[in-house]
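Each chain, letter by letter, is given below.
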Amino acid sequence: MTRRPDATLVVGSLLAGIPLLAALVGPLVAPQTPPGTTPLLPPGTEGTVLGTDVYGRDVLGLALTGGLSVVGLTVGALALAYAVGTPLGLLLAATRRRWLDTAGLRLVDVALVLPPLLVLLVLAATGRRGVLWLIVGAAFVQLPALVRLVRSAARAPGRLAVQEAQIQAGEPWWRSHLLEPARAAVGALAVDAGTRVVLVVTVLTSANFLGAGLEPTSPDWGVVIQQNGDSLFLAPETLVVPAVLVVALCAGTNLLTDRLLDRREYV
Amino acid sequence: MTTTAPAPGTVDRPRTLPRRLVGRVAVAAGQLVAVSVIVFALTAALPGDTAEVVLGQQATPEQVAALRAQLGLDRPVLLRFADWVGGVLTGDPGRSLVTGVPVADELAGRLASTASVAGLALLVIVPVALAAGVTAGRRPGSVTDRVITAVATAGQAIPEFASGLVLVAVFAVTLGWLPATAGGGSFTGPAVLVLPVVVLALNQVGRLARQIRIGVVETERAEYVVHLRRLGMGERTLLLRHVLPGALPPTVQQLARVVDGLLGGVVVVEALFALPGVGAGFVEAVQGRDLPLVQGYALLFATTTVVVNLLADLVSDRLAPHREALR
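About the cut-offs
- Residues numbered from 1 in each chain as written.
- Chains lettered and ligands numbered in written order.
- Predicted model: local features only at pLDDT ≥ 70, side-chain atom pairs only at ≥ 80, totals over all residues.
- Heavy atoms only, no water.
- UniProt positions renumbered as here; feature names shortened; annotations may be inferred.
- Domains from an automatic or database assignment.
- Contact = heavy atoms within 4.5 Å.
- Buried area = accessible area lost by both parts, 1.4 Å probe.
- Salt bridge = Lys/Arg side-chain N within 4 Å of Asp/Glu carboxyl O.
- Polar contact = N/O pair within 3.5 Å; in protein donor to acceptor, adjacent residues only side chain to side chain.
- Helix = DSSP H or I, 4+ residues; strand = E, 2+ residues; numbered from the N terminus.
- Buried < 20%, exposed > 50% of the residue type's maximum accessible area, 1.4 Å probe, protein only.

With an unreviewed UniProt entry as reference, chain A is termed ABC transporter permease subunit, source organism Actinomycetospora endophytica. Under the UniProt heading Sequence similarities (unreviewed entry), the note attached to chain A is "Belongs to the binding-protein-dependent transport system permease family." Of chain A, the UniProt comment under Subcellular location (unreviewed entry) reads exactly: "Cell membrane".

Take a look at the structure:
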């Protein structure tokens with residue numbers, strides 16, 4: 001018996017796969033234009049496929065090189081968020097002092113009422129912009145949800161019996177209260193990462209689009225759109241090409257993760 | 001989990017509505033205090049000289065010193081914070097560094113524009129999400145459900161600036177049907193608002209529709225609904241009197257997130273379409289490094305989030321009080 005391919009999975013893979021491929025392999029094959037090339041050349045002129053942008057850079061080359069920062073920043077922000085959020089959540093779950101747990105949670109919850117983009121924009125307003133601040137800001141706004149998730153996974157009812165057995169067997173505290181709960185939380189964290197990717201991509205590309213992120217000369221998709229904002233009617237492809245890549249990346253990733261995580265929804 | 005019998009006379013009674021109300025308002029007030037500390041810390045108390053950052057590298061030491069005095073940066077942090085909070089509480093959170101206009105006036109002047117865009121978007125979002133969520137939820141697993149769910153899933157993930165640019169390229173640049181921007185000035189007509197509202201709706205409809213779908217699917221499977229259907233109750237009556245009232249209370253929280261998301265999305269959409277609202281004002285203040293304005297906008301956005309969540313809590317409390325009593 002042959003199974004029909006899942007349409008959502010196929011569409012999701014295609015949508016996410018193309019920009020991802022462009023981001024990871026693109027920099028190796030991207031065409032370059034020599035310095036001094038005429039800005040805003042129409043597509044197909046002077047050896048370019050999609051023309052040039054306001055700085056005279058090949059639009060196809062920008063599309064192929066600008067995804068690396070999107071992927072790199074997202075991976076960096078996610079890694080930092082999990083590196084900080086996981087131990088925090090484990091410590092809150094492990095503490096016997098209830099006030100400490102409550103205080104920790106309330107503190108983390110404050111970050112929940114700060115819109116993510118607001119944090120990055122305020123950082124930029126005070127001169128804190130660039131790769132490091134983008135990663136720190138984007139990671140910071142993920143913390144409330146992450147800490148709560150890890151704390152819940154480590155405190156799942158099924159874990160208590162295991163923990164009790166470990167304590168009675170004389171296992172060290174760090175093993176029974178930190179290492180084993182961390183292992184138990186890995187599954188939940190993997191699922192969370194699938195859905196969190198899109199949130200992080202959105203906040204990072206939006207910050208770059210608003211001029212609150214990377215240097216204006218960066219080929220990042222968000223920055224290129226921001227820098228070419230005035231060329232919308234003159235050379236729409238300079239904006240539309242990176243915009244379509246961001247649309248495909250976000251829509252495809254969400255479709256893919258949603259479908260993979262919830263395959264039994266329709267049964 | 002172990003439970004112990006309550007001591008005589010201390011039986012856990014569900015908290016009354018006024019007590020719950022006071023509790024929620026107290027939590028919201030605490031959040032606002034914490035947010036004001038964070039906003040102040042981010043803008044004024046982090047390491048680095050704010051005056052130098054605002055004026056840039058070309059500034060002379062005299063200019064930096066003058067701005068430091070103007071911003072009160074030469075005074076202790078706690079005093080500065082107390083002054084700022086005092087100003088916020090008395091409705092005077094300072095003046096713009098660029099225009100000299102009071103921050104409160106600047107914010108108030110832009111709020112009407114933002115409220116009209118967000119309000120219009122809500123008028124589109126709620127009925128469309130309701131129709132899509134109910135249609136999908138009543139036939140789970142059907143082709144219609146799959147298509148609606150897929151479109152909602154993809155739509156909610158797309159950043160507003162990217163979907164907005166693609167729509168502008170199609171409907172303003174290629175087809176010429178709609179204006180691309182408001183031109184940075186006041187509204188020139190309702191057509192200016194079409195694309196911003198569509199972009200905001202595109203992102204938020206999916207979230208709400210999916211939540212409504214889940215509510216409808218669960219309520220449709222509830223025994224009382226199955227029983228009423230067996231008894232021969234008409235589908236229309238069943239939907240309006242039983243399925244929707246059962247499915248909608250949990251969506252209030254999602255609606256709060258949608259309203260909050262709309263106000264967050266407005267930052268990007270107003271910048272993209274040059275609409276003169278608080279979102280564009282915030283971005284301009286950030287680009288001009290106008291710190292008193294940045295502080296004002298940041299506090300406004302965070303306050304909106306706190307108030308919207310507080311209202312959502314109270315409304316869902318009213319719609320389904322038994323859930324709250326069980327907490």
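That covers the picture; the talk isn't over yet.
Draft legend 1. Molecular detail of the domain arrangement of chain A. Residues and elements named next belong to chain A. Once the domains are mapped, chain A shows domain 1 (11-20 + 45-66 + 219-267) and domain 2 (69-215). Spacing between the C-alpha centres of domain 1 and domain 2 amounts to 28 Å. With 15 residues of domain 1 in contact, the opposing surface of domain 2 contributes 17 residues. Its largest share of buried area at the contact with domain 2, domain 1 owes to Asp220, Val223 and Leu261, together 33% of the area lost on that side. The tally of links between domain 1 and domain 2 comes to 0 salt bridges. In this structure, the connection of domain 1 to domain 2 is made through 3 residue pairs in polar contact (both at pLDDT 80 or more). Looking at the side of domain 1 that touches domain 2, the elements with two or more residues in it are helix H10 (221-227) and helix H11 (237-261). For the side of domain 1 that touches domain 2, the element with the highest residue contribution is H11, accounting for 7 residues.

Draft legend 2. Quick peek at the pattern of salt bridges. All names here are of chain B. According to the stated counting rule, one finds 16 salt bridges over all chains in the structure shown. With a shortest N-O distance of 2.8 Å, arginine 138 and glutamate 220 are connected by a salt bridge. Of this pair, arginine 138 sits in helix H5 (residues 103-138) while glutamate 220 sits in helix H8 (residues 191-221), placing them 82 residues apart in sequence. Looking at arginine 138, the relative accessible area reads 23%, which means it is partly exposed. With a relative accessible area of 12%, glutamate 220 lands in the buried category. Across the pair arginine 138 and glutamate 235 runs a salt bridge whose closest N-O atoms are separated by 2.5 Å. With arginine 138 in helix H5 and glutamate 235 in helix H10 (residues 235-247), this residue pair connects regions lying 97 residues apart in the sequence. What emerges from the salt-bridge pattern is a single network uniting Arg138, Glu220, Arg229 and Glu235.

Draft legend 3. Structural view of the interface of chain B and chain A. On the chain A side, the residues contacting the 48 residues of chain B number 39 residues. When the buried area of chain B at its contact with chain A is split by residue, Leu42(B), Phe161(B) and Leu165(B) rank highest and sum to 15% of it. On the surface where chain B and chain A come into contact, there are 1 salt bridge. The partner of Arg210(B) in a salt bridge is Asp258(A), with the nearest N and O atoms 2.8 Å apart. Seen at the junction of chain B and chain A, the total is 2 residue pairs in polar contact (both at pLDDT 80 or more).

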